[in-house]
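One-letter residues, chain by chain:
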Amino acid sequence: MELGTTTSAASRRASDCVLVGVYADGDLGVGAADIDQSSKGVLKKLVKDGDLNGKVGSSLLLTAVAGVRAKRVLIVGLGKSNNLTISKFRRAISTAAKLIKSSKIADVVSYLNLESVGETDAYYAARYTVETIGCELYRFTETKSGRPSRGPALKEICIAVASRGDAAKALRGAEHGQAIVGGMSLARDLGNLPPNICTPAYLGRTAQKLGRQYKSVTTKVLGEAEIKRLGMHSFLSVTSGTELPAKLIVMQYKGAGKDKPIVLVGKGITFDAGGISLKPGPGMDEMKFDMCGAASVIGTMAVVAKLKLPVNLTVVVPTCENLPSGTATRPGDIIESMAGKTIEVLNTDAEGRLILCDALTYSRRFKPAVILDVATLTGACVIALGHHHTAVMSRSDALARDIMAAGVAADDRAWQLPIDGEYEQQLKSNFADFANIGGREGGAITAASFLSKFTSDMNWAHLDIAGTAWKSGSAKGSTGRPVPMLSEIVLRHCHATA
Ligand code: BES
Ligand code: MN
Ligand code: ZN
């Protein structure tokens, strides 16, 4: 996609399509007002006649408007004028993108901006615009037979800005948005691929491909012999029921010399049948998404490498399957983690924490400035927060707050759950140092408490994305979340959002 900015008035800009907004109370956005003037009142008349109501989600496509250079004028509703939010802004752009997707429009110039939303500026408006259009154009066709139909015609997005001063900001925002879309699309592809294709080895090859694509990224993929040598018996206990070999993927991006890295650890269970604690049949196919944590951290690596950010980033992905078999771990088995702590496996379906605890221990060698693990960890998280917020849990309220703020800025939100010491009591075991489950109550929190035992002295937070990483039902598929939030965290770390 080509990206650009313009200071031309909407009516003067030659293009396939100019995108402008009207408000529900009849107010016209900047671009719309200009179109209205040069067309001698076409838009005001449409409003008056009730053909343009300005509701979010509504749209109208006009062609050959007199006095307007562009071939088409696409008008979208922005809701009440004093009440525009980032989410409404993005819904309006999605509406436009759906129309553009099925049209022959090859270039669009957007006059939608966030003027009326407090703090946001040209950078974020451009970034949301490109990200939203990019996400709407995403298609997953790899596993359909036949030749895929040709993709959308759109080749160029141009962002209209009020001043030359805003142009540089907007271009930067557009480029960041494009990189984020790229990272999200990679994460979505990995999530959507079936578990017989997206195996641990496939994830490893994908990471290696990024290493070849970007000189600044080095990728190592460790096999089971090395994983064993490292003493990661908790991780290995999860893979013992499957024929497919487990992998430990380690990617390092160096953009800031000797600075301590941000470390992202992603859960990479390519299929979670539950193991001997077998899951019920209905909906089990969705457990192919149990590697979305891994997909999101690899996707974020792609964003950072693409933007050549001045930061050091390390990605660690433990990846395997969780299947039942004669060699699988039994409920009651006691295993020794890499950190030396013993774990009583009371439920083999609580496997995410078992692979993550060893990956977190392994990650200590990188001396992280901050370490985040990202995982589709618990059904309890979906019950607690539903599908809109990722859960964030940390011993550091300051870190949790920073993450939530990044989520708001990226419009990929997170909400904090507590992990006070009391919850740890639920993990008591009569036979080992602790158990891998803590009962139904506060299930998302006890999972985090388990991980916190392995992250002492680290600036650590846990992100449970079980509710946000994919959608069920007719729109079943991977969302690419939380790539935008993770990207924002990294961008903020190196002060690159201005
Ligand atoms: N991958 C699942 C979590 C999950 C379940 C995500 C449903 C999205 C929807 C995880 O490995 C799991 O099975 N967790 C168990 C933990 C329990 C046994 C303590 C769960 O949440 O039921
Ligand atoms: Mn499980
Ligand atoms: Zn799982």
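Note that the structure is a prediction, hence the values are computed from the model and not measured.

Chemist: Summarise empty space enclosed by the protein; cite the residues concerned and give the values.
Modeler: Counted under the stated rule, the structure contains one cavity of 30 Å³ or more. In this structure, the largest cavity spans a volume of roughly 70 Å³. Forming the walls of the largest cavity are Ser237, Val238, Gly275, Ile276, Asn322, Leu323, Ala328, Thr329, Val345, Thr348, Glu351 and Leu354. Of the residues belonging to the lining of the largest cavity, the class tally is six nonpolar, five polar and one charged.

Chemist: I'd like to hear about the packing of aromatic side chains, residue by residue, with values.
Modeler: By the definition in use, this model includes seven aromatic pairs. Relative to phenylalanine 366, the ring of tyrosine 362 lies with its centre 5.9 Å away and its plane at 70°, an arrangement referred to as edge-to-face. Judged by relative accessible area, phenylalanine 366 falls into the buried class, the value being 15%. An angle of 85° between the planes, with centres 5.9 Å apart, marks the rings of phenylalanine 434 and phenylalanine 454 as edge-to-face. Here phenylalanine 434 is found in strand E17 (residues 434–435), whereas its partner phenylalanine 454 is found in the loop between helix H13 (443–452) and strand E18 (460–464), with 20 residues between them in sequence.

Chemist: I'd love a proper account of the site of ligand 1, names of residues and values included.
Modeler: Near ligand 1 there are 16 residues, and of these Lys279, Asp290, Asp349, Glu351 and Gly379 occur at the shortest range. For ligand 1, an oxygen atom lies 2.9 Å from a polar atom in the side chain of aspartate 272. Within the side chain of aspartate 349, a nitrogen or oxygen atom sits 2.8 Å from an oxygen atom of ligand 1. A total of 510 Å² of accessible area belongs to ligand 1 in isolation, and the protein chains cover 77% of it. Under a 2 Å grid-point criterion requiring more than half of the atoms, the pocket assigned to ligand 1 is the second largest pocket. Its residues assigned to classes, the shell around ligand 1 shows five nonpolar, four polar and seven charged.

Chemist: Go over the domain arrangement of the protein with me, naming the residues and quoting the values.
Modeler: Domain annotation for the protein reports domain 1 (2–162) and domain 2 (185–493). Distance between the C-alpha centres of domain 1 and domain 2: 38 Å. Domain 1 puts 13 residues into the contact, and the matching count from domain 2 is 16 residues. For the domain 1 and domain 2 pair, buried surface summed over both sides reaches about 1,100 Å², with 47% attributable to carbon and sulfur atoms. Where domain 1 meets domain 2, there are two salt bridges. Here aspartate 411 ties to arginine 90 by a salt bridge, and the two come within 3.2 Å at their closest N and O atoms. Our count for the contact surface shared by domain 1 and domain 2 stands at seven residue pairs in polar contact (both at pLDDT 80 or more).

Chemist: Got a sec to walk through unusual backbone geometry? Specific residues and values, please.
Modeler: Note that the residue after arginine 481, namely proline 482, is joined by a cis bond; omega there is 0°. Following the sequence through the fold, proline 482 ends up in the loop between strand E20 (477–478) and helix H14 (483–493). Of note in the backbone geometry, aspartate 411 takes a positive phi value of approximately 55° without being a glycine. One non-glycine residue, aspartate 457, lies in the positive phi region at around 65°. Among the secondary structure elements, aspartate 457 is positioned in the loop between H13 and E18.

Chemist: Could you give me a rundown of the coordination of the manganese ion (ligand 2), with the residues and numbers involved?
Modeler: Within the first shell, the manganese ion (ligand 2) binds the protein through Asp272 (OD), Asp349 (O), Asp349 (OD) and Glu351 (OE), at distances of 2.1 to 2.2 Å. As a motif over one chain, the donors of the manganese ion (ligand 2) read D-x76-D-x1-E. In this structure, the manganese ion (ligand 2) is positioned 3.2 Å from the zinc ion (ligand 3), and both are ligated by aspartate 272. Here aspartate 272 is found in strand E10 (residues 268–272), whereas its partner glutamate 351 is found in the loop between strand E13 (342–344) and helix H10 (352–363), with 79 residues between them in sequence. The class for aspartate 272 is buried, based on a relative accessible area of 3%.

Chemist: Help me get a handle on the coordination of the zinc ion (ligand 3), residues and values and all.
Modeler: Coordination of the zinc ion (ligand 3) by the protein comes from Lys267 (NZ), Asp272 (OD), Asp290 (OD) and Glu351 (OE), over a distance range of 2.0 to 2.4 Å. Of note is the zinc ion (ligand 3), whose six donor atoms meet at the metal with angles of 78 to 175° in an arrangement that counts as octahedral. In primary sequence terms, the donor set of the zinc ion (ligand 3) follows K-x4-D-x17-D-x60-E.

Chemist: Please give an account of the pairing of strand E8 (residues 247–254) that cites residues and values.
Modeler: Burial analysis of E8 places six of its eight residues in the buried class, the great majority of the element. Two elements, strand E7 (residues 217–222) and E8, share six bridges in a ladder whose sense is antiparallel. Along E8, the bridge assignment pairs threonine 219 with methionine 251. Both E8 and strand E11 (residues 312–322) contribute to a ladder of eight bridges, which runs antiparallel. Looking at the pairing, glutamine 252 lines up with threonine 314 of E11.

How each quantity is defined
- Residues numbered from 1 in each chain as written.
- Chains lettered and ligands numbered in written order.
- Predicted model: local features only at pLDDT ≥ 70, side-chain atom pairs only at ≥ 80, totals over all residues.
- Heavy atoms only, no water.
- 1 Å grid on protein atoms, 1.4 Å probe; cavity = no way out; pocket = protein on both sides within 12 Å on 5 of 7 lines; lining within 4 Å.
- Points joined across faces, edges and corners; volume = space filled by probe spheres on them.
- Nonpolar A, V, L, I, M, F, W, Y, C, P; charged D, E, K, R; others polar.
- Phe/Tyr/Trp six-rings, centres within 6.5 Å; stacked < 30°, edge-to-face > 60°.
- Buried < 20%, exposed > 50% of the residue type's maximum accessible area, 1.4 Å probe, protein only.
- Helix = DSSP H or I, 4+ residues; strand = E, 2+ residues; numbered from the N terminus.
- Near = heavy atom within 4 Å.
- Polar contact = N/O pair within 3.5 Å; in protein donor to acceptor, adjacent residues only side chain to side chain.
- Areas by Shrake-Rupley, 256 points an atom, 1.4 Å probe, with all protein chains shown as cover.
- Sits in = over half its atoms within 2 Å of the grid points.
- Domains from an automatic or database assignment.
- Contact = heavy atoms within 4.5 Å.
- Buried area = accessible area lost by both parts, 1.4 Å probe.
- Salt bridge = Lys/Arg side-chain N within 4 Å of Asp/Glu carboxyl O.
- Donors = N, O, S within 2.8 Å, 3.2 Å for Na, K, Ca; no water.
- Tetrahedral: all angles 85-135°; square planar, octahedral: opposite > 155°, others 65-115°.
- Pairing = 2+ DSSP bridges.

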